[in-house]
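# Report on the structure
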Amino acid sequence: MPKRIALPKGVVLPESGFVRLPTVLAVFPISASGWWKGIQDKKYPAGVKLSPRVTAWRVEDLRALLDLLGKQ
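Residues numbered from 1 in each chain as written. Predicted model: local features only at pLDDT ≥ 70, side-chain atom pairs only at ≥ 80, totals over all residues. Heavy atoms only, no water.

Turning our attention to the packing of aromatic side chains. Overall, the coordinates contain 4 aromatic pairs when judged by the stated rule. Between Trp35 and Tyr44, the aromatic rings sit 4.5 Å apart at their centres with planes inclined by 10°, giving stacked as the arrangement. For the pair shown, Trp35 and Tyr44 are each scored as buried. When the centroid spacing of 5.5 Å and the interplanar angle of 55° are considered together, the rings of Trp36 and Trp57 count as tilted. A residue pair is termed long-range when its members are at least 10 positions apart, and Trp36 in helix H2 (residues 32–40) and Trp57 in strand E3 (residues 54–58) qualify at 21 residues. (Phe/Tyr/Trp six-rings, centres within 6.5 Å; stacked < 30°, edge-to-face > 60°. Buried < 20%, exposed > 50% of the residue type's maximum accessible area, 1.4 Å probe, protein only. Helix = DSSP H or I, 4+ residues; strand = E, 2+ residues; numbered from the N terminus.)

What follows concerns helix H3 (residues 59–69). Taken together, the buried positions of H3 are occupied by Val59, Leu62, Arg63, Leu65 and Leu66. The arc enclosing the buried residues of H3, seen along the axis, measures out at 160°, which places them on a common side. On its buried side, H3 packs onto strand E1 (18–19), helix H1 (21–27), H2 and E3. At the exit of H3 stands Gly70, carrying a positive phi of roughly 80°. (Arc of directions from axis to C-beta. Contact = heavy atoms within 4.5 Å.)

Taken in spatial order, the 3 strands line up as E1-E3-E2 in an open sheet, and their pairing is antiparallel. Looking at strand neighbours, the two that pair on one side only are E1 and strand E2 (48–51), the edges of this open sheet. Pairing of E1 with E3 involves 2 bridges; the strand directions are antiparallel. From the neighbouring strand, Val19 faces E3, where its bridge partner is Trp57. (Pairing = 2+ DSSP bridges.)

Further remarks concern the nonpolar core. Residues Val19, Val24, Val27, Phe28, Trp35, Trp57 and Leu62 are the most contacted members of the largest nonpolar core, which totals 15 residues. Of all the secondary-structure elements, those providing two or more residues to this core are H1, H2 and H3. For this core, the element with the most residues is H3, which contributes 4 residues. If near-sequence neighbours (up to four positions away) are discounted, Leu62 is found in contact with Val19, Val24, Phe28, Trp35, Pro45 and Trp57. (Core = buried A, V, L, I, M, F, W, Y, C linked by side-chain atoms within 4.5 Å.)

Let us now look at the pairing of E2. Bridge count between E2 and E3: 3 bridges; the pairing is antiparallel. Counted as the bridge partner of Ser51 is Val54 from E3. Count of turn residues in the E2/E3 antiparallel hairpin: 2 residues.

What follows is the structure in structure tokens.
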């Protein structure tokens, strides 16, 4: 059985796949510019470019970050 990760009320992370920035920011209490800075500093996982103007993050990478940060 997969581990349960406590998320803010109303936020649902799918089991797998990709999520866009608004979902990421709903899970991690940080500003968009802070999130992008964290990616630049290798603190947060980089997204995947789905098109020239669309970036999404692997749910698996976000769950790994949640585990690392102890948000269970």
